[in-house]
Structures are given as C-alpha cells and as structure tokens.
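Understanding the architecture of this molecule
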Amino acid sequence: MEEVKIYDEYTSSVFEGAENDPDNLVVVKNLKKYFPIKSSFFKITVGNVKAVDDVSFKIKRGTTMGLVGESGCGKSTIGRTILRLIEKTDGQVFINGKDIFSLSKNDLRKERPNIQIIFQDPYASLSPRLPIGEIIGEAVREHGIVPREEFDDYISRVMEACGLPDYYKPRYPHEFSGGQRQRICIARALALNPDFILCDEPVSALDVSIQAQIINLLKDLQKQFGLTYLFISHDLSVVEYISDTVGVMYLGNMVEFAPTEKIYANPKHPYTEALFSAIPVPDPDYKVNRIILEGSIPSPANPPSGCKFHTRCRKCMEVCKYLAPDFKELEPEHFCACHLYNTPERQKELDEAVAKIKKEKETKAAEGHGKKAKK
C-alpha cells in the first residue's frame, strides 16, 4: 500500500528559525538518510532502507539529549549523519548556526574539532599499534590545538581530567580494562576542546559499577567544560539520569521529544508508554503495569503505510493505517507524533482524506476485476 500524505507544513515548521537562537547548539530539521537496495546483477536501485525518515529535534547548549528506541530504529545512523560521517539523503543539520552539509571540505575540516564522538566499543575504536598518549594526542597535533612546547603537558591535563594517570602514556590499549579504554576514548574526544560530543552507547559494554563511573565522569566534564551531548542508549534508567531532554525513535521516525521530567512522568505516545513500562522498579512489592507489544518491528525497507507503529499499537484507529501523523507540540517543549491528539477540525480533515483514499482503492480494484473479466 502506497503511503499518501496530504500535509507537510507542520513538520517543516516545527523548529523553524531554531538555528538562529544562540541557545541551540544543534538543530536537526527533517533529516532523512536512505540506504539504496541494489539488485544482485545489474546493480539497479530497487528500493531504499529508510534508516532515518524525516526527523527533527534541537539540543540546547550545555545540555544532554538522550535518544532511545529499539535496535535498528536509526539512533546511531542519526548520530553519524549529524557528524557528517555519512552523507544525508535530505534535510538540514545546524551546529553553532552553521549548516554542516553546506560546508566545503576545508571548512568541514576546521569544524571537525568542535564535533566529536565516543564509540560504543572502545577496544575496536582504538588503534592497537599506538600508545594511548599518541592516540589522545594525534588529532591535537594535526589540528594545532596547542603549541608544540605545551603538547605534552596538555595531554597530561586531559588524561588527568578523565581519571587517567600520566604514566599510562606509553601503554597500549590491550593493557587496559574496558572502563579504562572508554576513559581513553573520552580523553581523545575531550582533547580537541569540542562543543558537541556524540555518545553512541558509551556504557553498554561495561559492568554496572563501571557504567556509573563513566556516566558521572561525563556529567563532571560537562559541568567543567560546558559540553553538549547527544547520548544514545538502550538503558532508560541511565538516560533518565544523564539527560535534560529525551527523544524516542521508532523505525526511523521521532515519535516523541520532550524534557526528561515531562516524558518520564507523562509519556504521550503509545510506543513511549510501552517502552517506559519495561523499566525495572527496585521494589519487589510494586506491580508494574507492563505493556507487551505484539508482533515484530516491520522492515525499514518496506515500512507500513500511515503511522509506522499502527501494526503494533493497541490504540490504533482507522486513520493510523492510511496517513502519517503530524509531529506537533502538545504542550510547551513536548512534541509528539500521534493521531490521538488531533484537534476535531484536523480529525475531520483526515477522515475525509481516508474516505477519499478508500474510494480510489475500491475504484482501482473494480477496474482490475473488469479487465480480468474481459480477458
């Protein structure tokens, strides 16, 4: 079934002009990233995997935005596209008011120190052939962050800020534990004095006690250096602890975005409700009203028409099967994409559109039967 859209005006104007506000460090507007599916022999594009499909959000300077969702929903793809590690399909990304995709190669190179990433697997992201002093300092030297005579002392200060003693410099990554390796990755990102750091599940591979140390380190560094984070994670408790705002992803779409206290106290989208009901409560006598989602996640190469969540939603309505919902502001700073919150006027407009779509389908089906009967 082909998706029919009769509106785009709201999503395109949700964060209109937000890039001009100096309080916003990162503004993402209608970002799309599609990966082409090629035929096996002629290499013709036969479809697209819609990894990120029309996503918008903003991150205020000096704050942390948490990004959550099931595996394969497009969280890491969003992060890598924002940093221009992979090219976009459509949309805009503004960092410090600059459209990151309009920058030339030289301008992008100058901007690189301001946008850094901490990878999920610290061991895989560290060169086994370099000592950690060189790993942390390689980009510092390349971008000329400090004069040559101050280089060694600067690296020592960065390592100390990340809980790494100075005498670790000549050691290699295989000589460290998982938590220490992640500290090395944090030090490598911090050494370039960035404004924005993408944390791509930085604690998922660590023990719980080590996770707490790394999370507290990130919070301390944020206060000390005024950093801004996009924190991608599956752990909803960690996201609640570290984040100022939270975005919830489902199959390439942002379904809800709000300040942390609002979204955890009163989730609006049915998917957010189901996701948050899975958070364990440390009280054996407390009975959790767990919402079980039926079915599996649809393929991003062939997503359902209308609202992508309607195949698993217990509150699904007829309009959800045909038309995608507006991503709109329900209350100050609380955005949600769900037909449950349509105004009566908007619902009437959508019902008329659904009736029109159904009539067109019935007409085509009747024409098809007529052609078969003639044959």
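Residues numbered from 1 in each chain as written. Predicted model: local features only at pLDDT ≥ 70, side-chain atom pairs only at ≥ 80, totals over all residues. Heavy atoms only, no water.

**Considerations on the overall build of the protein**
On a plain count of helices and strands, the protein comes out with eleven helices and twelve strands. With 375 residues in all, the protein has 49% of them scored as buried. When contacts within the protein are restricted to residue pairs at least 6 apart in sequence, those whose partners lie at least 24 apart make up 65%. Accessible surface, the protein: about 19,100 Å² in total, of which carbon and sulfur atoms supply 50%. Of the side chains in the protein, 51 bear a positive and 53 a negative charge, and the two mean positions are spaced by 7 Å. (Helix = DSSP H or I, 4+ residues; strand = E, 2+ residues; numbered from the N terminus. Buried < 20%, exposed > 50% of the residue type's maximum accessible area, 1.4 Å probe, protein only. Contact = heavy atoms within 4.5 Å. Areas by Shrake-Rupley, 256 points an atom, 1.4 Å probe, with all protein chains shown as cover. Lys, Arg positive; Asp, Glu negative; His and termini not counted. Charge placed at Lys NZ, Arg CZ, Asp CG, Glu CD.)

**A look at the pattern of salt bridges**
A full pass over the atoms with the stated rule returns 18 salt bridges. For Lys169, the salt bridge is made with Asp152, and the minimal N-O distance between the two is 2.9 Å. Placement of Lys169 in the loop between α5 (151-161) and α6 (178-190) and of Asp152 in helix α5 is noted, with a sequence separation of 17 residues between them. Salt bridges sharing common partners tie together Glu16, Glu19 and Lys29. (Salt bridge = Lys/Arg side-chain N within 4 Å of Asp/Glu carboxyl O.)

**Section: the confidence of the model for the protein**
Taken as a whole, the protein shows an average pLDDT of 89; of its residues, 95% reach a score of 70 or greater. Below a pLDDT of 50 lies the segment residues 1-12, which in the model reaches 31 contacts outside its immediate sequence neighbourhood of four places, other chains included. (pLDDT = per-residue confidence, 0-100.)

**A word on the sheet that holds strand β5 (residues 98-99)**
Strands sit in the order β2-β1-β4-β5 across an open sheet of four strands; the sheet is antiparallel. Single-partner strands in this sheet number two, and they are β2 (45-60) and β5. Bridge count for strand β1 (residues 24-38) against β2 is twelve bridges, and the pairing is antiparallel. Looking across to β2, one finds that Pro36 is bridged to Asn48. Relative to β2, helix α2 (residues 75-82) is tilted by about 75°, and along the sheet it contacts β1, β2 and β4 (90-95). (Pairing = 2+ DSSP bridges. Axes fitted to C-alpha atoms, helices over the stretch in contact; angles between N-to-C directions.)

**Concerning the packing of aromatic side chains**
With the rule as written, the count across this model stands at ten aromatic pairs. Taken together, a centroid distance of 6.4 Å and an interplanar angle of 90° make the contact between Phe15 and Phe257 edge-to-face. Within this pair, whereas Phe15 is found in the loop between α1 (9-13) and β1, its partner Phe257 is found in strand β10 (residues 253-259), the two being separated by 242 residues in sequence. The exposure class assigned to Phe15 is buried, which follows from its relative accessible area of 4%. Take Phe257: its relative accessible area is 2%, and that puts it in the buried class. Ring geometry for Tyr271 versus Phe309: centroids 5.4 Å apart, planes at 65°, classification edge-to-face. A residue pair is termed long-range when its members are at least 10 positions apart, and Tyr271 in helix α10 (residues 270-276) and Phe309 in the loop between α10 and β11 (327-331) qualify at 38 residues. Classification of Phe309 as buried rests on a relative accessible area of 3%. Through a chain of ring-to-ring contacts, the aromatic side chains of Phe15, Phe257, Phe327 and Phe335 assemble into a single cluster. Above the face of the Phe35 ring, Lys33 is positioned so that its terminal group lies 5.0 Å from the ring centre. Sitting over the ring of Phe151, Arg141 keeps its end group 4.6 Å from the ring centre. (Phe/Tyr/Trp six-rings, centres within 6.5 Å; stacked < 30°, edge-to-face > 60°. Lys NZ or Arg CZ within 6 Å of the ring centre and 35° of its normal.)

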